[in-house]
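# Fold and geometry: a report
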Amino acid sequence: MLNNIKNFIQKNRFYWQYRHIVQRDVWLNYYNSYKSPRRNFYSDYVKINGCKSVFEFGCASAPNFKNIQSNIKSEIFFFGYDINKKALKIAKENLDIKTTIFSNILSVKKLQQSLSIMGYKSFDVAIYDRVLYLINESEVKNHFQEYGKF
């Protein structure tokens, strides 16, 4: 029963929008986890495949991109989306802002404009790190139908 309640809360959009109220340092701790070996998967992938542009859905305070930026010295365009404004604020304060766009709004127009600014038509890689389980199957299908072209 307790696991069901915990699972319900953790899948709730409001929990993720306001998690920092309950766990004050959660987004700074996420950001500081950029050195975690599990995050090397993304920088290794970007390096091996010569990726120049990265999209992350549910980027939080952007520890995955910080890891990429720390391990790859070439310029990488990064678009990070998250519903938590506090997490995005921490990301913006700590990362090279000229090659990054962080937004709590996701739309086709926003992605097209952001890609155009950086001279791209699509992203080389998209990261969905531990987020898809939080949305239902219909939302996942709709998301990929709408944004899969990017």
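Structure shown above.
In this text, all values refer to a predicted model and were calculated from it rather than measured experimentally.

## Here's the deal with the sheet that holds strand β4 (residues 125-127)
- Pairing within the open sheet is parallel, and its 4 strands lie in the order β3-β2-β1-β4. Strands with a single pairing partner mark the edges of an open sheet, and in this sheet they are β3 (100-103) and β4. Along the sheet, successive strands turn relative to each other by an average axial angle of 15°, direction set aside.
- Sheet topology note: the strand β2 (residues 77-81)/β3 ladder contains 4 bridges and is parallel. Residue G80 lies in a different strand from β3, and its bridge partner there is F102.
- In the packing of helix α5 (residues 63-71) onto the sheet, contacts are made with β1 (53-57), β2, β3 and β4, and the angle to β1 comes to roughly 160°.

## Structural notes on the pattern of salt bridges
- Counted under the stated rule, the structure contains 4 salt bridges.
- Among the salt bridges present, the one from D129 reaches R38, with a minimum N-O distance of 3.0 Å. Taken as a pair, D129 in the loop between β4 and α8 (137-147) and R38 in the loop between α3 (26-32) and α4 (40-49) lie far apart in primary sequence, 91 residues in all.
- For R38, a relative accessible area of 35% corresponds to the partly exposed category.
- Through salt bridges with shared partners, a single ionic network connects R38, R39 and D129.

What counts and what doesn't
- Residues numbered from 1 in each chain as written.
- Predicted model: local features only at pLDDT ≥ 70, side-chain atom pairs only at ≥ 80, totals over all residues.
- Heavy atoms only, no water.
- Pairing = 2+ DSSP bridges.
- Helix = DSSP H or I, 4+ residues; strand = E, 2+ residues; numbered from the N terminus.
- Axes fitted to C-alpha atoms, helices over the stretch in contact; angles between N-to-C directions.
- Contact = heavy atoms within 4.5 Å.
- Salt bridge = Lys/Arg side-chain N within 4 Å of Asp/Glu carboxyl O.
- Buried < 20%, exposed > 50% of the residue type's maximum accessible area, 1.4 Å probe, protein only.

None of this, on its own, says anything about what the molecule does.
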